[in-house]
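Results of the structural survey
What follows is each chain in one-letter form.
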Amino acid sequence: MVYYFESKVVSPPVTLFMGFDKYENEDLIKWGWPEDVWFHVDKVSSAHVYLRLREGQSIDDIPTAVLEDAAQLVKANSIMGNKMNDVDIVYTMWSNLKKTDGMEPGQVAYHKDKEVRKLRVAKRINEIVNRLNKTKREEHPDLRAEREARDAREREDKKRIQRELREKQKEEEKRKKEEAELRSYTTLMKPENMTSNKDGNDSDDFM
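What counts as what
Residues numbered from 1 in each chain as written. Predicted model: local features only at pLDDT ≥ 70, side-chain atom pairs only at ≥ 80, totals over all residues. Heavy atoms only, no water. Buried < 20%, exposed > 50% of the residue type's maximum accessible area, 1.4 Å probe, protein only. Helix = DSSP H or I, 4+ residues; strand = E, 2+ residues; numbered from the N terminus. Pairing = 2+ DSSP bridges. Arc of directions from axis to C-beta. Axes fitted to C-alpha atoms, helices over the stretch in contact; angles between N-to-C directions. Parallel < 35°, antiparallel > 145°, perpendicular 65-115°, else oblique. Contact = heavy atoms within 4.5 Å. Nonpolar A, V, L, I, M, F, W, Y, C, P; charged D, E, K, R; others polar.

Remarks on the pairing of strand β1 (residues 2–7)
- Among the six residues of β1, five are classified as buried, and the element is accordingly described as predominantly covered.
- Bridging between β1 and strand β2 (residues 14–19) involves six bridges; their strand directions are antiparallel. Within β2, the position partnered with S7 by the bridge is V14.
- Counting the residues in the hairpin turn of β1 and β2 gives six residues.
- In terms of strand pairing, β1 meets strand β9 (residues 137–139) through three bridges, oriented antiparallel. Residue pairing in the sheet places V2 in a bridge with E139 of β9.

And the structure:
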């Protein structure tokens, strides 16, 4: 089961989501998207909250208000973190999460520590948490099927782009060929390159 929340601090609204438990978190880690940003309370147990970026966006494009919503949601869903003030929320792209043999379900490390960012949360803001909880909904998505469908769309997009590039190349080659032929014809038709009977080039060979 996955919980979904809608953050309306931006337009159009964005969706935040998290797993029901550590086993659901494991599936989210396994079948995450390259566009997903992962949030967690630093150094203590908490929910794994995700934000899915839109096409063309990067982690630098996340509005401050959305970061604050995600951070408050993570903090509120951490037994220890919810009781603490001045906690750090870490976030990074899903692709930077690393699983190794022997890790517990839901446990992760990072491929590159330098790609992990931190956001300090001074205290819980009930106004934000309550607003997000009012939008909460439960779903049972097939995470694997969703990821495979996403990858299939990406492959089709790449094929389409390659087809378009090939068509452009063909059109460019055709245009260049036509221009070359036109230049050749124009040169041939210049007066200095043209001959006539007056030039002694009569084609009839009379004695």
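Having seen it, we continue.
Notes on helix α1 (residues 22–30)
- Buried residues of α1: E24, N25, L28 and I29, and no others. The buried side chains of α1 occupy one side of the element, clustering within an arc of 145 degrees when seen end-on. Exposed residues on α1 whose side chains face more than 90 degrees from its buried face are Y23 and K30.

Let's talk about the packing of helix α2 (residues 64–76) against helix α3 (residues 126–133)
- Remark: α2 packs on α3, axes separated minimally by 9 Å, with the N-to-C direction vectors making an angle of 90 degrees. Put simply, α2 runs roughly perpendicular to α3. Mapping the contact onto sequence places E68, D69, Q72, L73 and A76 in α2 and I128, V129, R131 and L132 in α3.
- Across the contact of α2 with α3, the residue classes break down as five nonpolar, one polar and three charged.

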